[in-house]
Amino acid sequence: MKSCLEEFQDFAADEIAEKLSVMTRDNRFEDVLLMCNLSKGIEENGFKMGILLSIQNLMESMGWSAEQAMKALRIPESEQIQFVIGLKNNGDFDSN
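The model shown is predicted, which means the values in this text are computed figures rather than measured ones.

Analysis parameters
Residues numbered from 1 in each chain as written. Predicted model: local features only at pLDDT ≥ 70, side-chain atom pairs only at ≥ 80, totals over all residues. Heavy atoms only, no water. Helix = DSSP H or I, 4+ residues; strand = E, 2+ residues; numbered from the N terminus. Buried < 20%, exposed > 50% of the residue type's maximum accessible area, 1.4 Å probe, protein only. Expected span 1.5 Å × (residues − 1). Arc of directions from axis to C-beta. pLDDT = per-residue confidence, 0-100. Core = buried A, V, L, I, M, F, W, Y, C linked by side-chain atoms within 4.5 Å.

1. Things to note about the overall build of the protein
From N to C terminus, the protein includes 5 helices and 0 strands. Ordering the α and β elements of the protein from the N terminus gives α-α-α-α-α. Taken across its 96 residues, the protein has 17% of its residues classed as buried.

And the structure:
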């Protein structure tokens, strides 16, 4: 999957030059970068929520612990703590 910036870079060189000229003149280039970063954060959060839902479904349907569900999903141990936090905080990955 291409990032927002990668898709933007796919334009022909002259189209990029024209767009950058307009964007920098109107300070829109910074807006594009901000939107790309925002969409990346939304995408990452959606991905985490999907994994969290999979963990919850395995726990409910199979009667597994969170640890067993994460092992079945092959979630690396280094990433498991964020999902434990998400489970405890109803999908909020930032709370303690």
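2. Things to note about unusual backbone geometry
One non-glycine residue with positive phi stands out, namely Arg74, at about 60°. Structurally, Arg74 is set in the loop between helix H4 (66–72) and helix H5 (77–88).

3. Section: H5
An α-helical segment advances 3.6 residues per turn. Residues three or four places apart therefore align on the same side. Taking 1.5 Å as the rise per residue, H5 with 12 residues should run 16 Å; its terminal C-alpha atoms sit 17 Å apart, in good agreement. The set of residues buried in H5 consists of Gln80, Phe83 and Gly86. Projected down its long axis, H5 carries its buried residues within an arc of 115°, all on one side. For H5, the exposed residues lying more than 90 degrees away from the buried face are Ser78, Ile81 and Lys88. Two residues or fewer past H5, Asn90 is found with a positive phi of approximately 50°.

4. Regarding the confidence of the model for the protein
For the protein, mean pLDDT is 78; residues scoring 70 or higher make up 66% of the total. Mean pLDDT across the elements of the protein bottoms out in helix H1 (residues 4–9) (54) and peaks in H4 (96).

5. As for the nonpolar core
Judged by nonpolar contacts, Ile51, Leu52, Ile55, Ala66, Ala69, Met70, Ile75 and Phe83 together constitute the single largest core of 8 residues. The set of elements that each furnish at least two residues to this core consists of helix H3 (28–62) and H4.

6. Thoughts on the environment of Ser65
Along the chain, Ser65 falls in the loop between H3 and H4. Judged by relative accessible area, which is 34%, Ser65 ranks as partly exposed. Here the alpha-carbon distance between Ser65 and Ile55, two residues 10 residues apart in the chain, equals 9.0 Å.

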